[in-house]
Amino acid sequence: VTAAAAAATLAAAAAGCSGTPAVNTGPFGGADWNTGQICVPISHPGELVTDGFYEVSDSWRGTVAVISKISLLRPRGLRLLRAYAVRLDSQPAYGTMPGLPPYDGGFKYPWQGHVNAIGTRVPYTKDPDIETNLLLVLRTSARKSTDQGINVWYHVGSQEYQLRTGFELELLASPAHC
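Residues numbered from 1 in each chain as written. Predicted model: local features only at pLDDT ≥ 70, side-chain atom pairs only at ≥ 80, totals over all residues. Heavy atoms only, no water.

1. What to know about the sheet that holds strand 3 (residues 64-72)
What links the strands of a sheet is backbone hydrogen bonding, and the strands pair in either a parallel or an antiparallel sense. One open sheet holds the 4 strands; their spatial order is 7-3-10-11, and the pairing between them is antiparallel. Looking at strand neighbours, the two that pair on one side only are strand 7 (121-123) and strand 11 (159-164), the edges of this open sheet. The average undirected angle you get between the axes of adjacent strands in this sheet is 35°. Bridge analysis of strand 10 (residues 150-156) against strand 11 gives 6 bridges, and the strand direction is antiparallel. (Pairing = 2+ DSSP bridges. Helix = DSSP H or I, 4+ residues; strand = E, 2+ residues; numbered from the N terminus. Axes fitted to C-alpha atoms, helices over the stretch in contact; angles between N-to-C directions.)

2. Overview of the nonpolar core
In globular proteins that are soluble, nonpolar side chains generally tend to be buried together. Ranked by internal contacts, the top residues of the largest apolar core, which has 30 residues, are Phe28, Ile70, Leu134, Leu136 and Val152. For this core, the secondary-structure elements that each account for two or more residues are strand 1 (35-42), strand 2 (48-56), strand 3, strand 4 (78-89), strand 8 (130-140), strand 10, strand 11 and strand 12 (166-173). Excluding anything up to four places from it in sequence, isoleucine 70 contacts Leu80, Ala83, Ala117, Ile118, Leu134, Leu136, Asn151, Val152 and Trp153. Counting residues in hydrophobic clusters, the runner-up holds 9 residues, among them Met97, Trp111, Leu135 and Val137. (Core = buried A, V, L, I, M, F, W, Y, C linked by side-chain atoms within 4.5 Å. Buried < 20%, exposed > 50% of the residue type's maximum accessible area, 1.4 Å probe, protein only. Contact = heavy atoms within 4.5 Å.)

3. Quick word on the pairing of strand 4
Two strands pair when backbone bridges link them, and strand 4 and strand 8 are joined in this way by 11 bridges, in the antiparallel orientation. When the bridges of strand 8 are listed, alanine 85 appears paired with leucine 134. Pairing of strand 4 with strand 6 (residues 115-116) involves 2 bridges; the strand directions are antiparallel. Counterpart to tyrosine 84 in the pairing with strand 6 is asparagine 116.

4. Topic: the sheet that holds strand 2
Read from one edge of the open sheet, 5 strands run 5-2-8-4-6, paired in antiparallel fashion. Looking along the sheet, the strands with just one partner apiece sit at the ends: strand 5 (95-98) and strand 6.

5. Focus: unusual backbone geometry
In this structure, proline 175 follows serine 174 across a cis peptide bond, with omega equal to 15°. The phi torsion at asparagine 24 lies on the positive side, around 60°, for a residue other than glycine. Inspection of the secondary structure assignment puts asparagine 24 in the loop between helix 1 (3-15) and strand 1. By relative accessible area, which is 25% here, asparagine 24 ends up partly exposed. For arginine 74, which is not glycine, the phi dihedral falls at a positive 50°.

6. Points about the packing of aromatic side chains
Per the counting criterion, the structure on display carries 6 aromatic pairs. Taking 5.2 Å as the distance between ring centres and 20° as the angle between the ring planes, the aromatic pair formed by phenylalanine 53 and phenylalanine 167 counts as stacked. Of this pair, phenylalanine 53 sits in strand 2 while phenylalanine 167 sits in strand 12; the two residues are 114 residues apart in sequence, bridging distant segments of the chain. By relative accessible area, which is 30% here, phenylalanine 53 ends up partly exposed. We classify phenylalanine 167 as buried; its relative accessible area is 14%. The rings of Phe28, Trp60, Tyr154 and Tyr161 are connected pair by pair, giving a single aromatic cluster. (Phe/Tyr/Trp six-rings, centres within 6.5 Å; stacked < 30°, edge-to-face > 60°.)

Put into structure tokens, the structure is as follows:
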């Protein structure tokens, strides 16, 4: 039995009979590495913002994880419009920027390789510098728009998993400031 098969069996047992995937047990790992808080000033409610602080990688040898759904965790005044995936090869994550991607802020970002995040295949890699950056295009609707992280549902074969991050986002419209 391979380590990946044994891990998949344990994760399936942890999910129980409910049919819902156990949170933070699959090859994307837990959310401990993806926690924190960021505040970004925006000019007005209704502004579009791209949030690209989330990176995922498949840590189970011999598997390919496929993203099936992404949602915001407890959004307030914030709506997810689109989600993209960009494979990074030692480049920094996109970050959070007002407007639509790609932001040309003086750093080289591989936007030309972007794809719709839903359906993206994230293959196993042993190189920690190779990750898939998730870029979420958000619309604000309040002077203070927030979320408490994201949910990413994905599968390896027929086994479903869920990653829940704890990276909180706060977008504040002028005259408020971070």
